[in-house]
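Overview (structure and organization)
The primary structure of each chain is shown beneath.
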Amino acid sequence: MYLGDGCISRDRRVWKLRIVLDKKYPAIIGRCGDAIDLLMSGQRAAVRSLPKGCVEVSLYSKHWPCLFPQHGPGRKHKRAIRLEPWQQALVDQATEEFILGLIHSDGCRVVANDRGVMSVRYHFSNRSEDILGLFTAALDALDIPWTRSSKYIVSIYRKAATARLDTFVGAQGPRGTVEWCPLHGVGDRR
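Keep in mind that this is a model prediction, so the values were computed, not measured.

Definitions and limits used
Residues numbered from 1 in each chain as written. Predicted model: local features only at pLDDT ≥ 70, side-chain atom pairs only at ≥ 80, totals over all residues. Heavy atoms only, no water. Salt bridge = Lys/Arg side-chain N within 4 Å of Asp/Glu carboxyl O. Helix = DSSP H or I, 4+ residues; strand = E, 2+ residues; numbered from the N terminus. Buried < 20%, exposed > 50% of the residue type's maximum accessible area, 1.4 Å probe, protein only. Pairing = 2+ DSSP bridges. Phe/Tyr/Trp six-rings, centres within 6.5 Å; stacked < 30°, edge-to-face > 60°.

Considerations on the pattern of salt bridges
A complete count under the given rule lists nine salt bridges for this structure. For Arg31, the salt bridge is made with Glu97, and the minimal N-O distance between the two is 2.7 Å. Of the two residues, Arg31 is situated in helix α2 (residues 26–39) and Glu97 in helix α5 (residues 95–106); the sequence distance between them amounts to 66 residues. Glu97 gets classed as partly exposed once you look at its relative accessible area, which sits at 46%. Where Arg148 meets Glu129, a salt bridge forms, and the shortest distance between an N and an O atom there is 2.9 Å. Of this pair, Arg148 sits in strand β7 (residues 147–150) while Glu129 sits in helix α6 (residues 129–141), placing them 19 residues apart in sequence. For Arg148, a relative accessible area of 31% corresponds to the partly exposed category. On the accessibility criterion, Glu129 (48% relative accessible area) is partly exposed. Residues joined by salt bridges that share partners form a network here, namely Lys16, Arg18, Arg48 and Glu56.

Next up, the structure:
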């Protein structure tokens, strides 16, 4: 979630991890808070309402720059985003969770009508070539085929690939409806 909707900022002598999410998706907000709580045992992430239908999930700690060495000045898409070897080992152990977090922050699942045939598609959008590369490397590790549908979007179309993603990201909803797609501003996440 940090790679998509998160940032770390300095507040006096401590750091604040902030992840801003759409309040329409309480399950994703809950998972994000639970993950932060698990990481920083003994502390609880704060969830605060923001204007325009968003919430901020946050926690103060002196340890955030150690846990997220990708932190730096400026926007993520304008600086190098590389995983440290210990982070890559964690991604290798929990590749599905890594993909889930990226899709929940900057992706969507849609049900399209292709000439009368309903088909599921996943899209992931990010302006950082490095983050796109981390996403596609994780898909490759799970043998999930993907394509670049534009400069900033990775798409997963094949039936077996979307079925595999459905096992840990989403489940098919009503036929012919967009289930959730923050990229297009529509639907409900499942």
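Focus: the pairing of strand β4 (residues 54–61)
By the criterion of burial, β4 is predominantly enclosed, with six of the eight residues buried. The pairing of strand β2 (residues 14–22) with β4 spans eight bridges and is classified as antiparallel. Bridge pairing links Trp15 to Ser61 in β4. Sheet topology places strand β3 (residues 46–50) next to β4; five bridges connect them, and they run antiparallel. By the bridge assignment, Leu50 is partnered in β4 with Cys54. Following β3, the chain reverses through three residues before pairing antiparallel with β4; Lys52 in that reversal takes a positive phi of roughly 65°.

Here's the deal with the packing of aromatic side chains
Following the criterion strictly, the structure yields two aromatic pairs and no others. Ring centres 5.8 Å apart and planes at 35° place the aromatic pair Trp64 and Phe68 in the tilted group. Summarising the burial analysis for this pair, Trp64 and Phe68 share the class buried. Aromatic pair Phe124 and Phe135: ring centres 4.3 Å apart, planes at 25°, arrangement stacked. Of the two residues, Phe124 is situated in strand β6 (residues 117–125) and Phe135 in helix α6; the sequence distance between them amounts to eleven residues. Look at Phe135 and you get buried, because its relative accessible area is 0%.

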